[in-house]
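# Structure assessment
Now for the letters of each chain:
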Amino acid sequence: AQSVTQPDIHITVSEGASLELRCNYSYGATPYLFWYVQSPGQGLQLLLKYFSGDTLVQGIKGFEAEFKRSQSSFNLRKPSVHWSDAAEYFCAVGDQGGKLIFGQGTELSVKP
Amino acid sequence: EAGVAQSPRYKIIEKRQSVAFWCNPISGHATLYWYQQILGQGPKLLIQFQNNGVVDDSQLPKDRFSAERLKGVDSTLKIQPAKLEDSAVYLCASSSSGQRQETQYFGPGTRLLVL
């Protein structure tokens, strides 16, 4: 069955520190992978997506993600975190019909 | 470009009452999705429309939930009667044509509390 696992429910990092959010997927065919961010009271905003080509994908707000087929992973990274990055982050896989299957999310807190 | 609009933003009802949510997708988007997001979980698809036809409603509890998109634009999601476990955020999203690689654009959601 198709699924997405985000092992970390909550992560706290200091402002200016680097960030890596983990995502593992289970999908039989070539995965179409997405990272979305959700700020309190807001809808989800796309950070980046991968479906072919270069396995290192650049997104908005300085985020990037690397697709590793051998590890079934699509981890999100940012070299220097800003206080405004505090939010909930969701990894998702797009299935054949177009719907998104989401992980349970990782809540990011940023310490001053 | 206007985003996905949803109303109301918040709703509190008693169990066994009915409630309806409205969504207006981005202009020209053929595909519309309703997701349910329970606290502490990721969104889960309830129903997917392509124009005014249903593509996927396999996760929709059809004994109490219904949805329509009569003219292929706006959509309404209804719950009747509501249960306590329906407390969640209901997110509407739209995409251009529903292809896997397309970005889905989400509205701000409707937060429902069932007492």
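Check the entry above for the structure.
Residues numbered from 1 in each chain as written. Chains lettered and ligands numbered in written order. Predicted model: local features only at pLDDT ≥ 70, side-chain atom pairs only at ≥ 80, totals over all residues. Heavy atoms only, no water.

### Quick word on the overall build of chain B
Along chain B, the regular secondary structure elements total zero helices and eleven strands. Of the regular secondary structure in chain B, the N- to C-terminal order runs β-β-β-β-β-β-β-β-β-β-β. Relative to the globule expectation of 13 Å for 115 residues, the C-alpha radius of gyration of chain B, 13 Å, shows essentially globular dimensions. With the C-alpha coordinates aligned to their principal axes, the bounding extent of chain B is approximately 35 × 25 × 25 Å. Counting over 115 residues, chain B shows a buried share of 47%. (Helix = DSSP H or I, 4+ residues; strand = E, 2+ residues; numbered from the N terminus. Rg over C-alpha atoms; globule rule 2.2 N^0.38 Å. Buried < 20%, exposed > 50% of the residue type's maximum accessible area, 1.4 Å probe, protein only.)

### Considering the sheet that holds strand E3 (residues 19-24) of chain B
Residues and elements named next belong to chain B. One open sheet accounts for four strands, arranged E1-E3-E8-E7; its pairing is antiparallel. Edge positions in the open sheet fall to strand E1 (5-7) and strand E7 (65-68), since each of these has one partner strand only. The average undirected angle you get between the axes of adjacent strands in this sheet is 15 degrees. (Pairing = 2+ DSSP bridges. Axes fitted to C-alpha atoms, helices over the stretch in contact; angles between N-to-C directions.)

### With respect to the interface of chain A and chain B
Listed as interface residues are 25 residues of chain A and, on the opposing side, 21 residues of chain B. Together, the buried faces of chain A and chain B total about 1800 Å²; carbon and sulfur atoms form 50% of this surface. For the chain A face of the interface with chain B, the top three residues by lost area are Leu 44, Lys 99 and Phe 102 of chain A, together amounting to 25%. In this assembly, chain A and chain B are joined by one salt bridge. Two residues, Asp 56 of chain B and Lys 99 of chain A, come together in a salt bridge whose shortest N-O distance is 3.5 Å. (Contact = heavy atoms within 4.5 Å. Buried area = accessible area lost by both parts, 1.4 Å probe. Salt bridge = Lys/Arg side-chain N within 4 Å of Asp/Glu carboxyl O.)

### Regarding the layout of surface pockets
Of the voids in this model, the largest pocket is the one considered here, and its volume is about 630 Å³. Surrounding the largest pocket, 32 residues form its lining, Gln 38 and Glu 88 of chain A together with Gln 37, Leu 39 and Arg 111 of chain B being those nearest its centre. The set of elements that each furnish at least two residues to the lining of the largest pocket consists of strand E10 (87-94) and strand E12 (106-111) of chain A together with strand E9 (88-95) and strand E11 (110-114) of chain B. Per-element tally for the lining of the largest pocket: the top contributor is E11 of chain B, with four residues. Computed from the structure, the second largest pocket encloses a volume of approximately 230 Å³. Along the wall of the second largest pocket there are 19 residues; nearest its centre are Gln 42, Gly 43, Leu 44 and Gln 45 of chain A together with Phe 106 of chain B. When grouped by side-chain class, the residues that make up the lining of the second largest pocket number nine nonpolar, nine polar and one charged. (1 Å grid on protein atoms, 1.4 Å probe; cavity = no way out; pocket = protein on both sides within 12 Å on 5 of 7 lines; lining within 4 Å. Points joined across faces, edges and corners; volume = space filled by probe spheres on them. Nonpolar A, V, L, I, M, F, W, Y, C, P; charged D, E, K, R; others polar.)

### Looking at the state of the cysteines
All names here are of chain A. Following the criterion strictly, the structure yields two disulfides over all chains and no others. Across the disulfide, Cys 23 is cross-linked to Cys 91 (sulfur-sulfur distance 2.0 Å). Disulfide Cys 23-Cys 91: the torsion about the S-S bond is -65 degrees, which places it as left-handed. Pair noted here: Cys 23 is in the loop between strand E3 (19-21) and strand E4 (24-26) and Cys 91 is in strand E10, with a separation of 68 residues, a long-range link. (Disulfide = S-S within 2.5 Å.)

### Focus on a nonpolar patch on the surface
A cluster of nonpolar residues, Ile 12, Leu 113 and Leu 115 of chain B, forms a patch on the protein surface that exposes about 290 Å² of accessible area. Within the secondary structure, Leu 115 of chain B sits in the segment after E11. (Patch = residues over 30% accessible without salt bridge, like charges linked within 9 Å, V, L, I, M, F, W, Y side chains within 5 Å. Areas by Shrake-Rupley, 256 points an atom, 1.4 Å probe, with all protein chains shown as cover.)

### Structural notes on the nonpolar core
In terms of nonpolar packing, the biggest core is built from 28 residues, with Leu 19, Trp 35, Leu 47, Leu 48, Phe 74, Leu 76 and Tyr 89 of chain A touching the most fellow members. Among the elements of the structure, strand E2 (10-14), E3, strand E5 (32-38), strand E6 (44-50), strand E8 (64-68), strand E9 (73-78), E10 and E12 of chain A are those that each provide at least two residues to this core. Sorting elements by how many residues they give to this core places E10 of chain A first, with four residues. When residues no more than four places from it in sequence are discounted, the contact partners of Tyr 89 of chain A are Gln 6, Leu 21, Trp 35, Tyr 36, Val 37, Leu 47, Phe 63, Leu 76, Gly 105, Thr 106 and Leu 108 of chain A. Counting residues in each nonpolar core, the second largest holds 21 residues, with Val 19, Ile 47, Leu 77 and Leu 112 of chain B among its members. (Core = buried A, V, L, I, M, F, W, Y, C linked by side-chain atoms within 4.5 Å.)

### As for unusual backbone geometry
Here the amide bond leading from Ser 7 of chain B into Pro 8 of chain B is cis, since omega sits at -10 degrees, within 30 degrees of zero. For Pro 8 of chain B, the position within the fold is in the loop between E1 and strand E2 (10-13). Along the chain, Gln 80 of chain B connects to Pro 81 of chain B via a cis peptide bond; the corresponding omega equals -5 degrees. For Pro 81 of chain B, the location among the structural elements is in the loop between strand E8 (75-79) and E9. The phi dihedral of Ser 72 of chain A falls on the positive side, at around 50 degrees, and the residue is not glycine.

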